[in-house]
Amino acid sequence: MRRRGLPVYDRYAHEREAGAPGEPLDIAGEHRFRAPAGLVWETLFDARALKTSIPGCDSLDEVAPGRFHVSMRVGVSAVKGQYAGEVAVTDAAVPLSFRLVMAGKGDPGAIEADARVNLREEQGTTVVSYSGELRARGALARAGGQVLAGTARLLLGQFFKEMDRQVRDRTP
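The rules we used
- Each chain has its residues counted from 1, running along the sequence as written.
- Given that the model is predicted, a residue must reach a pLDDT of at least 70 before its local features are reported, and side-chain atom pairs must reach 80 or more before they are shown or counted; all residues, however, enter totals for whole chains, interfaces and linings.
- The basis for every side-chain value is the complete set of non-hydrogen atoms in the structure, without hydrogens or water.
- The rule is short: rings of Phe, Tyr and Trp, with Trp giving its six-membered ring, pair when the centres are within 6.5 Å, and they are stacked under 30 degrees, edge-to-face over 60, tilted in between.
- Only DSSP runs of H or I reaching four residues or more are called helices, and only runs of E reaching two or more are called strands; each is numbered from the N terminus.
- Throughout this description, buried means an accessible area under 20% of the type-specific maximum (1.4 Å probe, protein chains only), exposed means over 50%, and partly exposed covers the range between.
- The contact criterion used throughout is that any non-hydrogen atoms of two residues lie within 4.5 Å.

Outline the packing of aromatic side chains, supporting the account with residue identities and numerical values.
Aromatic ring pairs are described here by two measures, namely the spacing of the ring centres and the angle between the planes. Taken as a whole, this structure holds six aromatic pairs when the rule is applied. A ring pair is formed by Trp41 and Phe98, whose centres lie 5.5 Å apart and whose planes are at 85°; its orientation type is edge-to-face. With Trp41 in helix α2 (residues 37-44) and Phe98 in strand β7 (residues 97-106), this residue pair connects regions lying 57 residues apart in the sequence. Considering the side-chain rings of Phe159 and Phe160, the 5.1 Å spacing of their centres and the 75° angle between planes classify their relative orientation as edge-to-face. The exposure class assigned to Phe159 is buried, which follows from its relative accessible area of 14%. The class of Phe160 is buried, set by a relative accessible area of 8%. Connected via pairs of aromatic rings, a cluster forms that spans Phe33, Tyr130, Phe159 and Phe160.

Can you explain the environment of Val79? Please cite residues and give values.
Locating Val79 in the fold gives a position in the loop between β5 (67-74) and β6 (81-93). Given the relative accessible area of 4%, Val79 is considered buried. Considering only alpha carbons, one finds Val79 and Val147, 68 residues apart in sequence, at a separation of 8.2 Å. Setting aside residues up to four positions removed in sequence, Val79 forms contacts with Val74, Pro108, Leu140, Val147, Leu148 and Thr151.

Pasting the structure below:
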């Protein structure tokens, strides 16, 4: 930036370049399964069902109880790239709720997320609702909230569509 021919000091430029986190992005939604909460819970915590349901998942390995290492490819706009990270499941109250804490890095930057997931039975179905916050660093943060929100909605939609199939295949 220049003003009257003189350079203007941008005191936040180093943070953007170093990959300081962008503004938090709120993520929330729900999905309805035609199955009891116990079966949905069981499927949500099955490593094979998860690996199949996570879009672009190359590997999902449990490194400790409730802690997973995940590697995945994302092929969407500015978020495109290979990512690796960890997911921790905490505060589990079977089969009602749990918390997910996620952190991952890839070529375009890094993402951290913290989400609360609730299950409730309703008229013979199970509603899974989620709400949380996503923070991006690096080029991902510079891509902007609309791009990240759109990508998150797309990936979550793909996840729940496949997870729905996994639950249906297990329903007696």
